[in-house]
Each structure stands twice: as structure tokens, then as C-alpha cells.
Number of protein chains: 2
Amino acid sequence: MTQYFVASSLDGFIADARGEIDWLLQLDDGLEDDTNPYAAFIRDVGALAMGATTYEWIRRTHPGEWFYEDRPTWVFTHRELAPIAGANLRFTAEPVPAVHAAMVAAAGGRNVWLVGGGELVGQFVDHGLLDEIWVSIAPVTLGAGAPLLPRNRTTPMTLTSATRSRGGTFAHLRYQVR
Amino acid sequence: MTQYFVASSLDGFIADARGEIDWLLQLDDGLEDDTNPYAAFIRDVGALAMGATTYEWIRRTHPGEWFYEDRPTWVFTHRELAPIAGANLRFTAEPVPAVHAAMVAAAGGRNVWLVGGGELVGQFVDHGLLDEIWVSIAPVTLGAGAPLLPRNRTTPMTLTSATRSRGGTFAHLRYQVR
């Protein structure tokens, strides 16, 4: 399956107007909390995709770190980007459907994770290639910023799960898109 | 308590770019569903407030109808608006804090419901007068429209409840603001 796993503000932004996520990082990440879906989610991820903005944010804010082990990772970019040591990277400007087929093959039966951002995920949606959205909603509003999914998609998805993190921070919602 | 009870798209819009909510009305409203919080919510509402856009939307789309019985209702407007028969209305352009005090008094120990829209609710938030947000998230994205709460409010709220409607349509989230 191809999955968009992401954190968002209650008003649907994945980064604030400056491109930052301090509003998210200030919160208890809940990774120790058995209601947090990330541990189970990442175990089944075989390949990743992200946009250039997300990739550069990781490289800038976590120098020398890479969270995704040796999972093959596609970075969609029209610019030349510096690599991150230890990451298994492919930079691409190819159309989403061709890259998606390669990602599925590389994932070897496991899932494909669209890390972000919203516009890249929108292109997967446009091509009918997104199966699930897992969104952890933070208890804040931003009023402006980078949108979760900048598309008018009024064909209803199916909400398969809605849980609350133990401390009352996150609403973890899981949707089936198609 | 003063409560904002509202339905929103997953990306945080309460109306689409044309001001319409067909994306919401197409969904099973779930009022027969015992997981729907509206019945319990409305029972405890003693007074209502809404903006002119919300009021005019009701008057235009539901001629001759009024859903809120004889509950005292304040409509914030700078324009002259036509009344709705059977509704217990006060049109006002007064500042939010003075009107809020009158609403609390009129509610007689029951709650005050901010029906919408987002900018009016934002003014209550600016004055520290909002206690709770109850938001039912519809499984669609709009990409643009009228925002749920057009404010940068990164002081975390507390998520007190997260439930899923029986058919997998709505995520019902309840937040304590202050």
C-alpha cells in the first residue's frame, strides 16, 4: 500500500507560514505511548518518497542524522541536492507514476510511505496512487502554512480508526482513500 | 461553557471556496448514530451566536426553517438582516466581550454555542472566551475555503475525546481550549 503518514495542525497545515514545525516539536511526541501508531507503521514501510522541501528540512535541522535506516528513498526535486550520509537515496524529477512503480518494486511487498509534502502527495492522489492517509492532528491552529493536501477531493474517504493519545495531545486518524 | 461545535473538512475548512457545504451535506449526517454527539450537545445549549454569513446561509438554504427552537440567538452583523419567523434573535454589532456576558446570562446556566463562522470564533478566542471546540471532521479535502479558526494559536489545547462515527464518516474531536 501507498500511505501518507503525517502530523498536521487542527486547521490542516503540516508546516507553519515560515516552513517550520516548532508548534509540533514543542508537544510530547508520544513515542513512548502505546497509542502512538508510528512504531507499527514504520515496521511495515519498505520505501519512502518526499519532496525537496521536506528533504532539505531534515538535512538542515538534523545534520548527520537519518531516521529511515537503509530504506530506499526517492526525493522529488528539480534542483541538485546534497546527499545525506547513510541514506539510501535516489533524486528524481520523473513523473510520479513511473517512480511509484519503481518504489513499489523496491518496497518488496512492504508499504510505500509518502513522508511529505502536501503538493507531492497531491500528485499521487491525482494519479489514483494513494491508498491511505494516517494523520496525527496536533491540538493547535496555525491560520496559515503548508497545506496537508492541497486538493479539492470531495469523494469521501473512509475513516477506519480514530484514537486519542494518552495525554490528550494527538488525534490519530486513519483513512482509506480508494 | 462557551463552545464551538462545527463540522470541518480534513484540511480545516468549514465551507468551500464558494461558501457552500454540499461536500458535507452529501454525507450521511449520522444523526441516527449513537456515536453522533449533536443530540447530547444541543440539549445543554442555552444561547447561540453566529456571524452574518452563517445566518444568511440558513435563511437562504432553509427558507421558513429554524433549527434552534426559542433559544436566544445573537447574530453579529454590520448589515441590516431580515428576521426568520420563530427565531428568538438579537442582531448586534457590539464588541464580543459585552455580548458574551449577555449570552452567558441569557443561557441561564446552560452553554453558549458559537455556530460559526471561523472569524467570529477567532474573536472569542482573542478575548479568552472560548472553552471548548467540538469538531466533526468530514473525510474530504477542499484545498481552499472558509477556515475553521483563522488564528495562530500554538498554545496546545487538550483533546478530551476522539471517536469515529459508525460508518467511518466522521471523526468527532472534542478539545478543551483553556
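Whatever comes next refers back to the structure up there.
Residues numbered from 1 in each chain as written. Chains lettered and ligands numbered in written order. Predicted model: local features only at pLDDT ≥ 70, side-chain atom pairs only at ≥ 80, totals over all residues. Heavy atoms only, no water.

Undergrad: Hey, could you run me through helix H3 (residues 52–61) of chain B in this one?
TA: Note on helix geometry: an α-helix contains 3.6 residues per turn, so any two residues three or four positions apart are oriented the same way. All of the buried residues along H3(B) are Ala52(B), Thr54(B), Tyr55(B), Trp57(B) and Ile58(B). Residues of H3(B) that are buried sit in contact with helix H1 (22–25), strand S3 (45–51), strand S4 (73–76), strand S5 (89–92) and strand S6 (111–116) of chain B. (Buried < 20%, exposed > 50% of the residue type's maximum accessible area, 1.4 Å probe, protein only. Helix = DSSP H or I, 4+ residues; strand = E, 2+ residues; numbered from the N terminus. Contact = heavy atoms within 4.5 Å.)

Undergrad: Which parts of the structure should I look at to understand the sheet that holds S3(B)?
TA: Backbone hydrogen bonds hold the strands of a sheet together, and the pairing may be parallel or antiparallel. Residues and elements named next belong to chain B. Ordered in space as S5-S4-S3-S6-S1-S7-S10-S9, the eight strands form an open sheet in which the pairing is mixed. Here the strands that pair on one side only, and so sit at the sheet edges, are S5 and strand S9 (158–164). Strand-to-strand twist in this sheet, taken as the mean axis angle between neighbours without regard to direction, amounts to 20°. Strand direction decides the pairing type here: strand S1 (residues 2–9) and strand S7 (residues 132–138), joined by seven bridges, are parallel. Each residue of the ladder has a partner; that of Ser8, found in S7, is Ile137. (Pairing = 2+ DSSP bridges. Axes fitted to C-alpha atoms, helices over the stretch in contact; angles between N-to-C directions.)

Undergrad: How should the pattern of salt bridges be read in this particular structure?
TA: Side chains carrying opposite charge are able to pair once their charged atoms draw close together. Here the structure, examined in full by the defined rule, presents 20 salt bridges over all chains. Residue Glu69(B) is joined to Arg71(B) by a salt bridge in which the shortest nitrogen-to-oxygen separation is 3.5 Å. What makes Glu69(B) exposed here is its relative accessible area of 55%. Residues participating in the shared-partner salt-bridge network are Asp16(A), Arg18(A) and Asp22(A). (Salt bridge = Lys/Arg side-chain N within 4 Å of Asp/Glu carboxyl O.)

Undergrad: Honestly, the relation of the copies chain B and chain A in this entry has me stumped. Any pointers?
TA: For the pair of chain copies, the relating transformation is a rotation about an axis with a translation along it. With an RMSD of 0.0 Å, chain B superimposes on chain A once it is rotated by 180° and translated 0.0 Å along the axis. Between the two chains, the operation in question is that of a two-fold axis. Distance from the rotation axis, computed per C-alpha, reaches its smallest value in chain B at Gly12(B): 2.5 Å. The fraction of interface residues of chain B whose copies in chain A are also interface residues reaches 100%, indicating that both copies meet through the same surface. (Least-squares fit on C-alpha atoms with pLDDT ≥ 70 in both.)

Undergrad: Please clarify how unusual backbone geometry should be interpreted in this entry.
TA: Glycine aside, negative phi is the norm for most residues, and most peptide bonds take the trans geometry. The linkage connecting Gly116(A) with the following residue, Gly117(A), adopts the cis geometry, with an omega of 0°. Topologically, Gly117(A) is positioned in the loop between strand S6 (111–116) and helix H5 (118–126). Of note, Glu69(B) is a non-glycine position whose phi angle comes to about 50°, a positive value. Within the secondary structure, Glu69(B) sits in the loop between H3 and S4.

Undergrad: For this particular structure, what's the right way to read the environment of Pro63(A)?
TA: For Pro63(A), the position within the fold is in the loop between helix H3 (52–61) and strand S4 (73–76). A sequence separation of 62 residues divides Pro63(A) from Val125(A), and the C-alpha atoms of the two residues are 31 Å apart.

Undergrad: I would appreciate a short explanation of the interface of chain B and chain A in the present structure.
TA: Buried accessible area, meaning the area lost when the parts come together, often serves as the stated size of an interface. Across the contact, 36 residues belong to chain B and 36 residues belong to chain A. Between chain B and chain A, the buried area comes to about 2,700 Å², and carbon and sulfur atoms account for 63% of it. Three residues, Leu10(B), Thr141(B) and Leu159(B), lead the burial of chain B against chain A; their summed loss comes to 22% of the area buried on that side. Here chain B is connected to chain A by zero salt bridges. (Buried area = accessible area lost by both parts, 1.4 Å probe.)

Undergrad: Would you explain the packing of helix H4 (residues 96–107) of chain A against H5(A) in this entry?
TA: Think of two packed helices as two axes; the pair is described by the angle between the axes and how far apart they sit. All names here are of chain A. One can describe the packing of H4 onto H5 by two numbers: an axis separation of 10 Å at closest approach and a directional angle of 90°. Classed by the angle they form, the pair H4 and H5 counts as roughly perpendicular. Taken together, the residues of H5 that come into contact with H4 (itself represented by Val96, His100 and Met103) are Leu120, Gln123 and Phe124. Split by residue class, the contact of H4 with H5 holds four nonpolar, two polar and no charged. (Parallel < 35°, antiparallel > 145°, perpendicular 65-115°, else oblique. Nonpolar A, V, L, I, M, F, W, Y, C, P; charged D, E, K, R; others polar.)

Undergrad: Explanation requested: the packing of aromatic side chains in the structure shown.
TA: For any pair of aromatic rings, the description rests on two quantities: the centre-to-centre distance and the angle between the ring planes. Under the definition given, this model contains 26 aromatic pairs over all chains. Here the aromatic rings of Phe5(A) and Phe41(A) are separated by 4.2 Å at their centres, their planes lie at 25°, and the arrangement is stacked. Here the residue Phe5(A) occupies a position in strand S1 (residues 2–9), and Phe41(A) occupies one in helix H2 (residues 38–43), the gap between them amounting to 36 residues. For Phe5(A), a relative accessible area of 10% translates into the label buried. With centroids separated by 5.6 Å and ring planes inclined at 65°, the aromatic side chains of Phe5(B) and Tyr38(B) adopt a geometry described as edge-to-face. Within this pair, whereas Phe5(B) is found in strand S1, its partner Tyr38(B) is found in helix H2 (residues 38–43), the two being separated by 33 residues in sequence. The ring of Trp74(A) has Arg90(A) lying over it, and the distance from NZ or CZ to the ring centre is 4.9 Å. (Phe/Tyr/Trp six-rings, centres within 6.5 Å; stacked < 30°, edge-to-face > 60°. Lys NZ or Arg CZ within 6 Å of the ring centre and 35° of its normal.)

Undergrad: Just to check I follow, could you spell out the side chain of His100(B) for this structure?
TA: Position of His100(B) relative to the elements: it lies in helix H4 (residues 96–107). Discounting chain neighbours no more than four positions away, the residues touching His100(B) are Thr2(B), Phe124(B) and Leu129(B).

Undergrad: What should I look at first to understand the sheet that holds S4(A) in this one?
TA: All names here are of chain A. If you walk across this open sheet you meet the eight strands as S5-S4-S3-S6-S1-S7-S10-S9, and the pairing is mixed. One side of each edge strand has no neighbouring strand; the edge strands of this open sheet are strand S5 (89–92) and strand S9 (158–164). Taken over all neighbouring pairs, the strand axes of this sheet differ in orientation by 20° on average, direction set aside.

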